[in-house]
Every structure is written in structure tokens, then in C-alpha cells.
Amino acid sequence: MFFYIWGGMEIGNEEEGGENCFKKVTHMGENVSSGYQLRYAAGEYWILDMEQEGVPYKKPLSVNAVGAEIWQMMEAGMGEREIADCLCREYQVERNMVLGDMEQFRERLREFGVSL
């Protein structure tokens, strides 16, 4: 099993009794660039560059529900270990799998232009 974070694959089920950590996020931190925002539209989560000039247009980055959770936890100022612990509990996956996938996600965000 591979723990996908982006592109439309959703993992986990809140009905299984897992605690959804990102719903507890109530404040903004400084772990991600402030010029980017997470939005939900057309049945998908999107990370948008809110400071782009428009030409050339920069398409939003599509992420799934897990990617949205990670983004919100990063915005809240949670560190990598805290996020990994939360995801391991919620989705019952091994820590090294979560950490590897989180690094791939962070790399994808950097490629998109998000400073972490």
C-alpha cells in the first residue's frame, strides 16, 4: 500500500473512529507561504497562488483530502513529527511511509513555488 497525498486519491475513513486532526486547526502558523491558499471546489482541494499576476497563468495544484489535512496542519504551525503522528493515528499507517510521502508532498509544493 502506498500512502498517496495528492491527486484525487482519498485515504482513510472518519467513520472508522479515526480522529481527524485537521478539523482541530483554529489558528494560522508560518510553516507555509502566506500567498497560497487551500480551497475546495468542483469536488477537489486546490492550492492556489493568490499573489500571481495572471500572465502567465499559474494553474492551481490539486491535492486530495490527506494533502489538504497536511496543508492545514502546516498552516497551523504543526511540525513534521506532530503531523506524522496525527496521520499515523488517523490512517493507521507506518511512520516511515508517512514521512516519505510527506517529503514527496513538500517537494511538490516547493516545485509549485511554495516556500516551506
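Before reading further, recall that the structure is shown in the block above.
In what follows, the accompanying structure is described. (Residues numbered from 1 in each chain as written. Predicted model: local features only at pLDDT ≥ 70, side-chain atom pairs only at ≥ 80, totals over all residues. Heavy atoms only, no water.)

Per the stated rule, a full pass over the model turns up 4 salt bridges. Lys 58 is paired through a salt bridge with Asp 49; the nearest N and O atoms lie 3.5 Å apart. Look at Lys 58 and you get partly exposed, because its relative accessible area is 24%. Take Asp 49: its relative accessible area is 14%, and that puts it in the buried class. (Salt bridge = Lys/Arg side-chain N within 4 Å of Asp/Glu carboxyl O. Buried < 20%, exposed > 50% of the residue type's maximum accessible area, 1.4 Å probe, protein only.)

Moving on, we come to the packing of helix H1 (residues 65-75) against helix H3 (residues 95-112). Where H1 meets H3, the closest approach of the two axes is 12 Å, and the angle between their N-to-C directions is 75°. Comparing the axis directions of H1 and H3 gives the class roughly perpendicular. Where H1 approaches H3, its residues Gly 67, Ile 70, Trp 71 and Met 74 are matched on the opposing element by Met 102, Phe 105, Arg 106 and Leu 109. Class assignment of the residues belonging to the contact of H1 with H3 gives a composition of 6 nonpolar, 1 polar and 1 charged. (Axes fitted to C-alpha atoms, helices over the stretch in contact; angles between N-to-C directions. Helix = DSSP H or I, 4+ residues; strand = E, 2+ residues; numbered from the N terminus. Parallel < 35°, antiparallel > 145°, perpendicular 65-115°, else oblique. Contact = heavy atoms within 4.5 Å. Nonpolar A, V, L, I, M, F, W, Y, C, P; charged D, E, K, R; others polar.)

The periodicity of an α-helix, 3.6 residues per turn, causes residues three or four places apart in sequence to face the same way. Across the 11 residues that make up H1, a large majority, 10, are buried. Every buried residue belonging to H1 is among Ala 65, Val 66, Gly 67, Ala 68, Glu 69, Ile 70, Trp 71, Met 73, Met 74 and Glu 75, and all of these are buried. Two to three positions downstream of the cap, the backbone nitrogen of Val 66 sits 3.0 Å from a side-chain oxygen, assigning the N-cap of H1 to Asn 64. A positive backbone phi angle near 90° is found at Gly 77, which sits one or two residues after H1. (Polar contact = N/O pair within 3.5 Å; in protein donor to acceptor, adjacent residues only side chain to side chain.)

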